[in-house]
Amino acid sequence: AAAHKYDPKNPWRVYDPAHFPPALANDTVDITYYTAPLLEQRLGPLLGFFNLRHGALAAVNRRTKFTFTCNFDANDVLLVRTQVPNVLKYANGTEYLAWNNTGGVFCYAGVNDKYWDVPGEAVASVRGDVYNKWMKTFVVPSNATWAIYDVAGVYAAKHTGSGAAKALVDSHECFDFALAAVRALRTLGANLTSSVLHRNVAAWYASADGPPRLVDYAGDEVVRARVVAFYKELELNVRSGKSWLEFVVLLLELLELHGGFYFHSGCCKYYKLQLAAPYFGIHWTGVVV
């Protein structure tokens, strides 16, 4: 554990969780849920005032005091290119979309209380054998299963602001990771201290008569050209530095021009849907784990 000691001078040193010391079977390990204002390292507490936050889990072995924090984060820290791609050209002149929506699971020694809002929220106290299984089956292999960062999902418009709503297309971001980690603990037999945790939900809202429909971007040249044209307009707007109001006006024009919205998900999936007011929202809401 000494090799993974928290260093306040270098709190963001990343460690491979495969090398973390295992617990003894009868140890007790406390799992805590932490949040912090989104982009706090760049913007300070500003976005926290609007309930825009980042989430993580920490584990503390009561006997050894070994502690680590683990979170899922986008490689594009400003989250711009996770939502709007670069439009590039192949050698033959054909345009294509290049996304930077990769992500990674990062584990750090200790808990950086200068960043995370402490004391956090207790999630569970588990036996060492349960903790070891959780590390082996969820935390250690997570970088293979959590490689894409999708900040928003698609929801039915009637569920605006509801944390209980089932997504039509899931997001894949920091809170999704933290909640998946908690659910993995529960599956292994952990008794959760809290059954409801709060998170951000970023949602595009689909109308009842235009739910998300998967389109064949890879195999249909006509579809691909339409998707590229849609995002080319958005990308030009982002690069030109126009205001958010101008962006909204452009988006409404594109919805009319293209007969809907093309939503990008995962590595290379595109869904076409009809947006319904309020079109997009970010909410801070409780969800059952």
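Please refer to the structure placed before this passage.
Predicted model, so just to flag it, every value in this text is computed and none were measured. (Residues numbered from 1 in each chain as written. Predicted model: local features only at pLDDT ≥ 70, side-chain atom pairs only at ≥ 80, totals over all residues. Heavy atoms only, no water.)

## Examining the sheet that holds strand S10 (residues 196-206)
For step 1, the next point in the chain: A sheet is described by the order of its strands in space; here three strands give the open sequence S9-S10-S14, paired in mixed fashion. What marks the edges here is a single partner per strand, and that holds for strand S9 (153-156) and strand S14 (275-288). For this sheet, the mean inter-axis angle between neighbouring strands, taken without regard to orientation, is 45°.
For step 2, the next point in the chain: Judged from the ten bridges that link them, S10 and S14 form a sheet pairing that is antiparallel. Across the sheet, residue Arg-199 finds its bridge partner in S14, namely Thr-285. (Pairing = 2+ DSSP bridges. Helix = DSSP H or I, 4+ residues; strand = E, 2+ residues; numbered from the N terminus. Axes fitted to C-alpha atoms, helices over the stretch in contact; angles between N-to-C directions.)

## A look at the nonpolar core
For step 1, the next point in the chain: One finds Leu-57, Phe-68, Leu-97, Tyr-131, Trp-134, Tyr-231 and Phe-261 to be the most contacted residues of the largest nonpolar core, which totals 75 residues.
For step 2, the next point in the chain: It is helix H4 (residues 174-187) that provides the largest number of residues to this core, a total of nine residues.
For step 3, the next point in the chain: If we skip the residues at most four places from it in the chain, Phe-68 touches Phe-20, Leu-57, Ala-58, Ala-59, Cys-107, Tyr-108, Ala-109, Gly-110, Tyr-131, Trp-134 and Met-135.
For step 4, the next point in the chain: One finds Ala-157, Ala-165, Ala-167 and Ala-203 within the second-largest nonpolar core, a separate group that totals eight residues. (Core = buried A, V, L, I, M, F, W, Y, C linked by side-chain atoms within 4.5 Å. Buried < 20%, exposed > 50% of the residue type's maximum accessible area, 1.4 Å probe, protein only. Contact = heavy atoms within 4.5 Å.)

## Regarding the environment of Gly-286
For step 1, the next point in the chain: Assignment of secondary structure puts Gly-286 in strand S14.
For step 2, the next point in the chain: As a C-alpha pair, Gly-286 and Ser-195 span 91 residues in sequence and 9.7 Å in three-dimensional space.

## Section: the sheet that holds strand S8 (residues 121-127)
For step 1, the next point in the chain: In spatial order, the strands read S1-S7-S4-S3-S2-S8; together these six strands make up an open sheet with antiparallel pairing. Two strands bound the open sheet, and with one partner strand each, they are strand S1 (14-15) and S8.
For step 2, the next point in the chain: Pairing of S1 with strand S7 (residues 103-109), which is carried by two bridges, proceeds in the antiparallel orientation. Paired with Val-14 across the bridge in S7 is Tyr-108.

## Quick look at the pairing of strand S6 (residues 95-98)
For step 1, the next point in the chain: Pairing of strand S5 (residues 86-89) with S6 involves four bridges; the strand directions are antiparallel. Across the sheet, residue Asn-86 finds its bridge partner in S6, namely Ala-98.
For step 2, the next point in the chain: Count of turn residues in the S5/S6 antiparallel hairpin: five residues, of which Gly-93 carries a positive phi of about 95°.

## Some words on the pairing of S9
Where a strand is regular, its side chains alternate between the two sheet faces.
For step 1, the next point in the chain: Covered by surrounding structure in S9 are Gly-153 and Tyr-155 together with Val-154 and Ala-156, the residues of both alternating faces.
For step 2, the next point in the chain: The pairing of S9 with S10 spans four bridges and is parallel. Bridging from a neighbouring strand, Val-154 pairs with Trp-204 of S10.

## Overview of the packing of aromatic side chains
For step 1, the next point in the chain: According to the stated counting rule, one finds 23 aromatic pairs in the structure shown.
For step 2, the next point in the chain: Between Phe-72 and Trp-146 the ring centres are 5.3 Å apart and the planes differ by 70°, which places this aromatic pair in the edge-to-face class. In this pair, Phe-72 is assigned in strand S4 (residues 67-74) and Trp-146 in the loop between helix H3 (142-145) and S9, connecting sequence segments 74 residues apart. Like Phe-72, the residue Trp-146 is buried in the burial classification.
For step 3, the next point in the chain: For the pair Phe-138 and Phe-177, a centre-to-centre distance of 5.6 Å together with 35° between the ring planes defines the contact as tilted. Of the two residues, Phe-138 is situated in helix H2 (residues 128-139) and Phe-177 in helix H4; the sequence distance between them amounts to 39 residues. Residues Phe-138 and Phe-177 agree in their burial class; the two are buried.
For step 4, the next point in the chain: The structure contains a cluster of three or more aromatic residues connected by ring pairs, namely Trp-99, Trp-204, Tyr-217, Phe-230, Tyr-231, Phe-261, Tyr-262, Tyr-270 and Phe-280. (Phe/Tyr/Trp six-rings, centres within 6.5 Å; stacked < 30°, edge-to-face > 60°.)

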